[in-house]
Amino acid sequence: MNVYPQILEAALKGQKMLAVLIDPDRIDPKKTALLAAQAAHYGISFFMVGGSLLTEGEVSQTIKLIKSHAKLPVVLFPGNHSHLAPEADSLFLLSLISGRNPEYLIGQHVAAAPRLRKMDLEVIPTGYMLVLCDNLTTVAYVSQTLPIPYEKAEVAANTALAGEYLGMRLAYLDGGSGAAKPISPRMIRTVKQSINIPLIIGGGIRTPEALHMAFAAGADVVVVGTRLEEEPSLISDFAAVLHQFNKKK
Ligand SMILES: CC(C)=CCC/C(C)=C/CC/C(C)=C/CC/C(C)=C/COP(=O)(O)OP(=O)(O)O
Ligand SMILES: O=P(O)(O)OC[C@@H](O)CO
Ligand SMILES: [Mg+2]
């Protein structure tokens, strides 16, 4: 189940995608099973599995659980080189291009490479950018990097474009899990207008209105994590926004 061709095709057609992020650290098995079944029922696009502070076993178990309840692709969203699991379909191979910490630009990747070779994962090189949305998030702290300032849309656009020129296939602008507010529509619009690769937006999307804002501003894929961990039943409201956008076309 390759995800990148689907993302690319959808982005070219102006269709939107909604991804649900499941953090094995933060969600119990019952909730994961429920969320997986509901997400499949309401037609979300794919799952992401990841967290900053995980063990390998938790990642595999969570993917197996999702797969037993939903026939949807599962993409790894790794915090470090140990977060690989052959049960996944794909891997967002993040390079943290908003930061200047070599460990998250190339170091973790070197450590992951020999194990990746043995796994049959679809590897999707992803230019990952953190944006400061008021609060210091786990990812910014763990990676020891400075996020892009909230108002600096042009810095984000130049960074994303540099990622595209370096060969990255996706740009991911993230306020970080549990961000106090979503990335601004101006930044989303400015980045989207600057690049030709699909754009993923995540962090602090807590309401259907925020999801609508991110899609309307130009996000091709939006990721929702924390709010659905808290309240899995909201999936139907988020999915309604997705389908509303895709019907218009
Ligand atoms: C080479 C491989 C396999 C991975 C690269 C690893 C890189 C560069 C990661 C980028 C920096 C990083 C630490 C990303 C983490 C992304 C992630 C899984 C975020 C989920 O949010 P949490 O950090 O779990 O936030 P909470 O603790 O608030 O839930
Ligand atoms: O948990 P939330 O705030 O929805 O963020 C999702 C994701 O973009 C985090 O990396
Ligand atoms: Mg987490």
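As the structure is a prediction and not an experimental result, all values here were calculated from the model.

## Topic: the overall build of the chain
Turning to step 1, where the next piece is worked out: Across its full length, the chain holds ten helices and eight strands.
Turning to step 2, where the next piece is worked out: Expected size for 249 residues packed as a compact globule is a radius of gyration near 18 Å; at 16 Å, the chain falls within 12% of this value.
Turning to step 3, where the next piece is worked out: Judged by the C-alpha coordinates and their principal axes, the chain covers about 45 × 40 × 35 Å.
Turning to step 4, where the next piece is worked out: Counting all 249 residues of the chain, 56% fall into the buried class.
Turning to step 5, where the next piece is worked out: Residue pairs in contact within the chain that sit at least 24 positions apart in sequence constitute 74% of those at least 6 positions apart.
Turning to step 6, where the next piece is worked out: Of the roughly 10,900 Å² of accessible surface on the chain, a fraction of 55% belongs to carbon and sulfur atoms.
Turning to step 7, where the next piece is worked out: For the chain, the distance from the average site of its 23 positive side-chain charges to the average site of its 22 negative ones is 5 Å.

## Details of the site of ligand 2
Turning to step 1, where the next piece is worked out: The environment of ligand 2 is made up of 15 residues, and the closest members are Asp174, Gly178, Gly204, Gly225 and Thr226.
Turning to step 2, where the next piece is worked out: Here Ser177 contributes a side-chain N or O atom positioned 2.8 Å from an oxygen atom of ligand 2.
Turning to step 3, where the next piece is worked out: Taking Gly204, its main chain carries an N or O atom lying 2.8 Å from an oxygen atom of ligand 2.
Turning to step 4, where the next piece is worked out: Among the residues forming the shell around ligand 2, the class breakdown is six nonpolar, eight polar and one charged.

## Observations concerning a nonpolar patch on the surface
Turning to step 1, where the next piece is worked out: A cluster of nonpolar side chains, namely Leu53, Leu136, Tyr141 and Val142, defines an oily patch on the protein surface of about 430 Å² accessible area.
Turning to step 2, where the next piece is worked out: With respect to the helices and strands, the residue Leu53 is situated in the loop between β2 (46-49) and α3 (56-69).
Turning to step 3, where the next piece is worked out: Note on Leu53: relative accessible area 57%, which makes it exposed.

Reading guide: rules and limits
- Residues numbered from 1 in each chain as written.
- Chains lettered and ligands numbered in written order.
- Predicted model: local features only at pLDDT ≥ 70, side-chain atom pairs only at ≥ 80, totals over all residues.
- Heavy atoms only, no water.
- Helix = DSSP H or I, 4+ residues; strand = E, 2+ residues; numbered from the N terminus.
- Rg over C-alpha atoms; globule rule 2.2 N^0.38 Å.
- Buried < 20%, exposed > 50% of the residue type's maximum accessible area, 1.4 Å probe, protein only.
- Contact = heavy atoms within 4.5 Å.
- Areas by Shrake-Rupley, 256 points an atom, 1.4 Å probe, with all protein chains shown as cover.
- Lys, Arg positive; Asp, Glu negative; His and termini not counted.
- Charge placed at Lys NZ, Arg CZ, Asp CG, Glu CD.
- Near = heavy atom within 4 Å.
- Polar contact = N/O pair within 3.5 Å; in protein donor to acceptor, adjacent residues only side chain to side chain.
- Nonpolar A, V, L, I, M, F, W, Y, C, P; charged D, E, K, R; others polar.
- Patch = residues over 30% accessible without salt bridge, like charges linked within 9 Å, V, L, I, M, F, W, Y side chains within 5 Å.
- Salt bridge = Lys/Arg side-chain N within 4 Å of Asp/Glu carboxyl O.

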